[in-house]
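The chain contents come next:
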Amino acid sequence: MRRYGGVFGSVVVVLFAMYFNPLRYNLVNKTYLCSEDTCKYSGIIEDCCCDYESVNNVNGAILHPLLQQLVTTPFFRYFKVKLWCDCPFWPDDGMCRLRDCSVCECPEHEFPESFKKPSPYILPKDDLVCQEGKPQATVDRTLDAKSFNGWVEIDNRWTHDDETDDGEMTYVNLQLNPERHTGYTGPSTRRIWDAIYSEYCPRYAYGETCPEKKVLYKLISGLHSSISIHIGADYLLDESSYKWGPNHELMYNRVLKHPDRVENLYFTFLFVLRAVTKAAAYLDQAEYDSGNREEDLRAQSLIRKMVHNSELQAACALPFDEAELWQGQGGPILRQQIQNQFRNISALMDCVGCEKCRLWGKLQVLGLGTALKILFSVDDQSNPDPHLQLQRNEVIALINLLNRLSESLIHVTTIKLPATDISLINQVWGVMAPWYTFVHGSPFPASNSSVFVDNVDFIKELQ
Ligand SMILES: Cc1cc2nc3c(=O)[nH]c(=O)nc-3n(C[C@H](O)[C@H](O)[C@H](O)COP(=O)(O)OP(=O)(O)OC[C@H]3O[C@@H](n4cnc5c(N)ncnc54)[C@H](O)[C@@H]3O)c2cc1C
């Protein structure tokens, strides 16, 4: 009798734990299952039209390899950006700790000829200060206002116009400035994320009936997840020996143990992918001119392989259905409101107190703004805009953002979880242990790794 009572009670506790457990959401929806060292996701990604498995397959087999090549081409590796901190909301409080916070310049011979401006536009030598050490961390800050043939300078209503003063723009070689751990942390970062979430992008309440607001929140949260994953994937493990490597615990604590953040990462990836495939005809015809004909042809060929990929279309024909948005009567007003919110988020990037973080923050927010522009471009009568025009920098940001997100998905699916905090069973066990003690009259022999094994056996006993 006592035994049945114990088993019944344990089952009740398991259900209780599943309900109140942080992983409840996943268990209920069967979208998140952790084995000993990895987590698997399955089912349809909320608000999208594809499932986790298809996205992982298509990303691993097609998109990720193509994107990794694409971002190394001269056309896609140089990004035009204003790096000076010019925060419209509060003064920069420079919380950057590591030298890797800073962006360095690359030697001028590396810079594509066709990007270069005549000498009057080159910055004074004083501004070309390279950071100490790190020979590979050199970024060319030569200025250039010359657009490629066929690429126009068109305002993007979704983003804060950053190009008003061309004299302050810099070209940065993204390959020499990888997005990674910089040591930028503390109140400065918290203030920016808080401002983004609380002021401009309020967390949508459960039952939120406005899908457009939900989209904005998910895009930002997905981007935040991706940034955290990249910090953890390339982390300065030991400052004295300058040893870099993955910090799985950070990735787990900041992203993986929050299934909603993982889901938002997938959502953002699919949203951007949808924008790229929707702009397929435009991207196919654009002229990729960096002055290196062979490399530019390679860039164009890779773009074509990506946007016309039949396997990608078969696996995930419509990554995100934008036609469902802005349908109600207040659609145009709502679009205006959300557009303004996103512009504010974009302006907030000038407040990021770490140069390299600012670079990647600006690039990725511009990439999101470009995706929003592609998906929600309308003319004055609210019809889809048949004359979509993109700036060269917008295309560079869009593709580099997709690559960042694609890389994050690879990390999410391959990361080894920290042994001490990995398993659903361990989490459930936290609630079950007192019950075991109550039923059996003695505490369960709890000690480090053996606990996990014993817990598994105990759960099996219940089945
Ligand atoms: C635009 C920008 C770019 C940055 N780039 C870099 C970089 O390249 N390298 C670097 O080392 N640091 C970068 N940082 C700093 C980094 O993002 C963190 O802020 C910093 O590492 C401190 O982390 P934290 O643990 O305090 O949590 P944070 O990541 O700062 O998160 C703050 C709070 O936001 C919530 N939150 C966290 N993730 C999510 C999510 N995915 N969805 C919803 N809510 C969430 C949580 O409540 C969390 O406590 C950047 C910051 C900004 C604002």
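Given the structure is predicted, the values throughout are model-derived calculations rather than measurements. Counting restarts for each chain: residues are numbered from 1 in the order of the written sequence. The predicted nature of this model means local features are confined to residues of pLDDT at least 70 and side-chain atom pairs, given and counted, to a pLDDT of 80 or more, with totals for whole chains, interfaces and linings taken over all residues. For the side-chain quantities, the full set of heavy atoms in the structure was used; hydrogens and water were omitted.

**Q** Help me out: how do you make sense of the pattern of salt bridges in this one?
**A** When charged atoms on two side chains of opposite charge get close, those side chains can pair. For salt bridges, the criterion is a side-chain nitrogen of Lys or Arg within 4 Å of an Asp or Glu carboxyl oxygen. For the structure on display, the rule yields 11 salt bridges. One salt bridge in this structure joins Asp-234 and Arg-180, with 3.2 Å as the shortest N-O distance. A residue pair is termed long-range when its members are at least 10 positions apart, and Asp-234 in the loop between helix H6 (211-233) and strand S5 (235-238) and Arg-180 in the loop between strand S4 (170-173) and helix H5 (187-200) qualify at 54 residues. Of the charged contacts, one joins Glu-295 and Arg-298 as a salt bridge, the two residues approaching to 3.3 Å between their closest N and O atoms. Of the two residues, Glu-295 and Arg-298 are both situated in helix H10 (residues 293-307); the distance of 3 residues between them amounts to about one turn of the helix. Within this structure, Glu-46, Lys-214 and Lys-218 form a network of salt bridges that share partners. Runs of H or I in DSSP of at least four residues are treated as helices and runs of E of at least two as strands, each being numbered from the N terminus.

**Q** In this structure, what is going on with the nonpolar core? I would like to understand it.
**A** Soluble globular proteins tend to bury their nonpolar side chains together. Judged by nonpolar contacts, the single largest core of 103 residues is most densely connected at Phe-76, Phe-79, Phe-269, Leu-270, Phe-271, Met-306 and Ile-399. Excluding anything up to four places from it in sequence, Phe-79 contacts Thr-170, Tyr-171, Val-172, Leu-174, Leu-359, Leu-363, Leu-366, Asn-393, Ile-396 and Ala-397. Within this scheme, the nonpolar core is defined by two criteria: the residues are buried Ala, Val, Leu, Ile, Met, Phe, Trp, Tyr or Cys, and they are joined through side-chain atoms within 4.5 Å. For every residue, the accessible area obtained with a 1.4 Å probe (protein chains only) is divided by the maximum for its type, and the residue is called buried under 20%, exposed over 50%, and partly exposed between those limits. Working rule for contacts: check all heavy atoms of both residues, and any pair within 4.5 Å makes them a contact.

**Q** In this structure, what is going on with the state of the cysteines? I would like to understand it.
**A** Should the sulfur atoms of two cysteines be covalently bonded, the bond is a disulfide. Throughout, disulfides are identified as pairs of cysteine sulfur atoms within 2.5 Å of each other. Enumeration according to the criterion identifies 3 disulfides in this entry. Here Cys-50 engages in a disulfide with Cys-316; their sulfurs sit 1.7 Å apart. The disulfide joining Cys-50 to Cys-316 has a torsion of about 75 degrees about its S-S bond and is therefore right-handed. In this pair, Cys-50 sits in the loop between strand S2 (39-41) and helix H3 (52-70) while Cys-316 sits in the loop between helix H11 (310-315) and helix H12 (331-348), placing the two residues 266 residues apart along the sequence. In this structure, Cys-50 and Cys-316 share a single accessibility class: buried. Note that Cys-87 is cross-linked by a disulfide to Cys-351, the S-S spacing being 2.0 Å. Looking down the S-S bond of the Cys-87 and Cys-351 bridge, the torsion is 75 degrees, so its handedness is right-handed. Taken as a pair, Cys-87 in the loop between strand S3 (78-81) and S4 and Cys-351 in the loop between H12 and helix H13 (355-376) lie far apart in primary sequence, 264 residues in all. Free cysteine Cys-49: the closest other cysteine sulfur is in Cys-50, separated by 6.1 Å.

**Q** Where do I start with the pairing of S5 in this structure?
**A** Sheet faces and side chains relate simply in a regular strand, where the side chains alternate between the two faces. With 3 bridges joining them, S5 and strand S6 (residues 243-245) adopt antiparallel strand pairing. By the bridge assignment for S6, Tyr-235 is matched with Gly-245. The hairpin turn running from S5 into S6, its antiparallel successor, is 4 residues long, and Tyr-242 in that turn takes a positive phi close to 55 degrees. The pairing criterion is simple: DSSP has to find at least two bridges between the two strands.

**Q** Can you help me understand the UniProt feature "active site" (unreviewed entry) in the protein chain in this one?
**A** UniProt positions are given in the numbering used here, feature names are shortened, and annotations may be inferred rather than shown by experiment. Within this numbering scheme, the UniProt entry marks Cys-354 and Cys-357 as carrying the feature "active site" (unreviewed entry). Here Cys-354 is to be found in the loop between H12 and H13. Locating Cys-357 in the fold gives a position in helix H13. With a relative accessible area of 21%, Cys-357 lands in the partly exposed category.

**Q** Just checking my understanding: could you explain the site of the ligand for this structure?
**A** We define proximity as follows: a residue is near a molecule or strand when any one of its heavy atoms falls within 4 Å of that partner. As a structural note, the neighbourhood of the ligand is formed by 24 residues, with Arg-180, Thr-182, Ser-221, His-224 and Ser-225 the closest of them. Between an oxygen atom of the ligand and a main-chain N or O atom of Thr-182, the distance comes to 2.8 Å. Taking Tyr-197, its side chain carries an N or O atom lying 3.3 Å from a nitrogen atom of the ligand. Sorting the residues of the shell around the ligand by element identifies H5 and H6 as the ones contributing at least two each. Pairing of N or O atoms within 3.5 Å defines a polar contact, subject to two protein rules: one partner must be a possible hydrogen donor and the other a possible acceptor, and residues neighboring in sequence count only if both atoms are side-chain atoms.

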